[in-house]
Amino acid sequence: MKKTTLNQVDLNNKRVYIWGACERGGVILDCLKKLDIDVISFLDNKKYGEYCSLKIVPPLNILNCLDENTIIIIGSLRYDTVLDIQNQIEKCVFSGQVLTSYDFYMMYERKLMFSTRRISYKIDYEKLISNWFNHFLDEVRFWRYQVADDKGGWHYTYRNRFKKREFDCERIKNETLIGDEIILDVGCGISSQYGKYVKGKLINLISVDPLAHFYNEINRRFVTNLSSDEQVDDVRFGMFELLSAFFGKNYCDYILIDNALDHCIDPLVALKECLNVVKKGGIVSLRHHTNEAYRENYHGLHQWNISTNENNELFIWNNTEFINVNKELGENVEINSWHEKGHFKYSPFGLTVSNIKKLAELDENANKWRWAGMVMNCMMKKLSEVSYATEMTKIMC
């Protein structure tokens, strides 16, 4: 099996197989059709018959017969499944090339996606606000059981957040911090993951999250027997789309957003609000799992994808909406975006990173009060539901 480097593989005149008769495999097949690349068949250990009008073949029946003119594209985003497929191929006499979903996305799918999608951004606020309130307890449940609880899979990261001393954020490491900056960590979760000291001086780093009151209560219950190097600060309440209502305009020097913009009701309005809160010359810095909503099949709060195209322009999109952030924000900002590979287990499409520098004031959110009214209405409706009270009691008690 030949190891592949990006931009190396030409699919023309090759015998192409997709390993995985699944939804992701179907997406890859559709992309290949648009590229006029023929696929011989799907390979799958557990499924038989046909998928997307192509025959499904047991891989062990043919792997040893495939020559160097063959390319296998792994159509799975599951880490353990990909490892198992790679192990099966390694055990066979296979001289062709293997592409992961990430390889295919970076070589072909990304270019096709951004060159064929039409710009459209029409938010159904009532639907998305209702969805947010219907699923935000999933987020609380994760931090309660997977992070704060000592039996949780991510508990090892919990106390480390409170022990972190020196401020460390690679995305703004080239910026000069002197220690008197105000930094908001918005959508921080149960606490900020960044330290609060620069050159031995305590900086004003404020943790902000719309679920702050839940997280503060969880911390009060689970953070016990503090050591001398641990500091637990309350998270402040604030919603992305109304951020300037909580902090005012030109309040801070930096805003950090990690894997949170994709959970927003309206991520474009959220970005604009962040830029209203940051000072002129300040930076809104993003780091997200690329295409997280797609990977999560648009479940729960995962409703938006954050991506870059080949020109490193920043995009926000889902099944129906698609917006070029660079063009939308225009000359009011300077955007520096890039793509990082990341760990396939958690980021099968890599990471999207972007620093957005504010150059000029943006327009006010004209619908802010209407938006706030819809949020309040949905919140009160949710609070009136007996099932919500029961589920919240189960999580928090």
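Rules behind the numbers
Residues numbered from 1 in each chain as written. Predicted model: local features only at pLDDT ≥ 70, side-chain atom pairs only at ≥ 80, totals over all residues. Heavy atoms only, no water. Buried < 20%, exposed > 50% of the residue type's maximum accessible area, 1.4 Å probe, protein only. Helix = DSSP H or I, 4+ residues; strand = E, 2+ residues; numbered from the N terminus. Arc of directions from axis to C-beta. 1 Å grid on protein atoms, 1.4 Å probe; cavity = no way out; pocket = protein on both sides within 12 Å on 5 of 7 lines; lining within 4 Å. Points joined across faces, edges and corners; volume = space filled by probe spheres on them. Nonpolar A, V, L, I, M, F, W, Y, C, P; charged D, E, K, R; others polar. Core = buried A, V, L, I, M, F, W, Y, C linked by side-chain atoms within 4.5 Å. Contact = heavy atoms within 4.5 Å. Expected span 1.5 Å × (residues − 1). Pairing = 2+ DSSP bridges. Axes fitted to C-alpha atoms, helices over the stretch in contact; angles between N-to-C directions.

Visitor: What am I meant to see in helix α12 (residues 386-396) here?
Guide: In an α-helix there are 3.6 residues to a turn, and that puts residues three or four apart on one side. Every buried residue belonging to α12 is among Tyr388, Ile395 and Met396, and all of these are buried. Looking straight down α12, one finds its buried side chains confined to an arc of 85 degrees; they lie on one side. α12 presents Val386, Ser387 and Lys394 as exposed residues on the side facing more than 90 degrees away from its buried surface.

Visitor: How should unusual backbone geometry be read in this particular structure?
Guide: A negative phi angle characterises most non-glycine residues, just as the trans form characterises most peptide bonds. You will see that asparagine 250, though not glycine, has its phi angle at about 55 degrees, which is positive. Take asparagine 250: it is sitting in the loop between α7 (243-247) and β12 (252-258). Residue classification places asparagine 250 among the partly exposed positions, given a relative accessible area of 33%. At asparagine 297, a residue that is not glycine, the phi angle is positive and equals roughly 55 degrees.

Visitor: Whenever I open this one, empty space enclosed by the protein confuses me. Can you help?
Guide: Empty pockets left among the atoms are what a rolling probe the size of a water molecule brings to light. Considering all chains together, one arrives at one cavity of 30 Å³ or more under this definition. Lining the largest cavity, in full, are Leu128, Asn131, Trp132, His263, Cys264, Ile265, Leu301 and Gln303. Across the lining of the largest cavity, the residue classes tally to five nonpolar, three polar and no charged.

Visitor: Sorry, what's going on with the nonpolar core here?
Guide: Looking at soluble globular proteins, one finds that nonpolar side chains tend to be buried together. Judged by nonpolar contacts, the single largest core of 69 residues is most densely connected at Ile255, Val284 and Ile356. Residues within four places of isoleucine 255 in sequence aside, it is in contact with Leu184, Val186, Leu243, Cys274, Val277, Val278, Ile283, Val284 and Ser285. Core analysis: the next-biggest nonpolar cluster, separate from the first, contains 21 residues, Val9, Val16, Leu29 and Ile71 among them.

Visitor: Before we go on, may I ask you to explain helix α11 (residues 368-383) in this structure?
Guide: With 16 residues, α11 should cover 22 Å at 1.5 Å per step; its first-to-last C-alpha distance of 22 Å lies within 8% of that length. The complete set of buried residues in α11 reads Lys368, Trp371, Ala372, Met374, Val375, Cys378 and Lys382. Angularly, the buried residues of α11 cover 160 degrees about the axis, an arc narrow enough to put them on a single face. Residues of α11 that are exposed and point over 90 degrees away from its buried face: Trp369, Arg370, Asn377 and Lys381.

Visitor: Whenever I open this one, the sheet that holds strand β14 (residues 305-308) confuses me. Can you help?
Guide: Adjacent strands of a sheet pair through backbone hydrogen bonds, lying either parallel or antiparallel. Spatially, the three strands line up as an open sheet ordered β14-β15-β16, and their pairing is antiparallel. Each having just a single partner strand, β14 and β16 (322-324) make up the two edges of the open sheet. Each strand axis lies, on average, 25 degrees off the axis of its neighbour in the sheet, ignoring direction. One ladder, built from three bridges, connects strand β15 (residues 314-317) with β16; its direction is antiparallel. Residue tryptophan 317 lies in a different strand from β16, and its bridge partner there is phenylalanine 322. Helix-sheet contacts for helix α3 (residues 101-116) involve β14, β15 and β16, and the interaxial angle to β14 is about 105 degrees.

Note that every value here comes from positions in space, so none of it alone points to a role or purpose.
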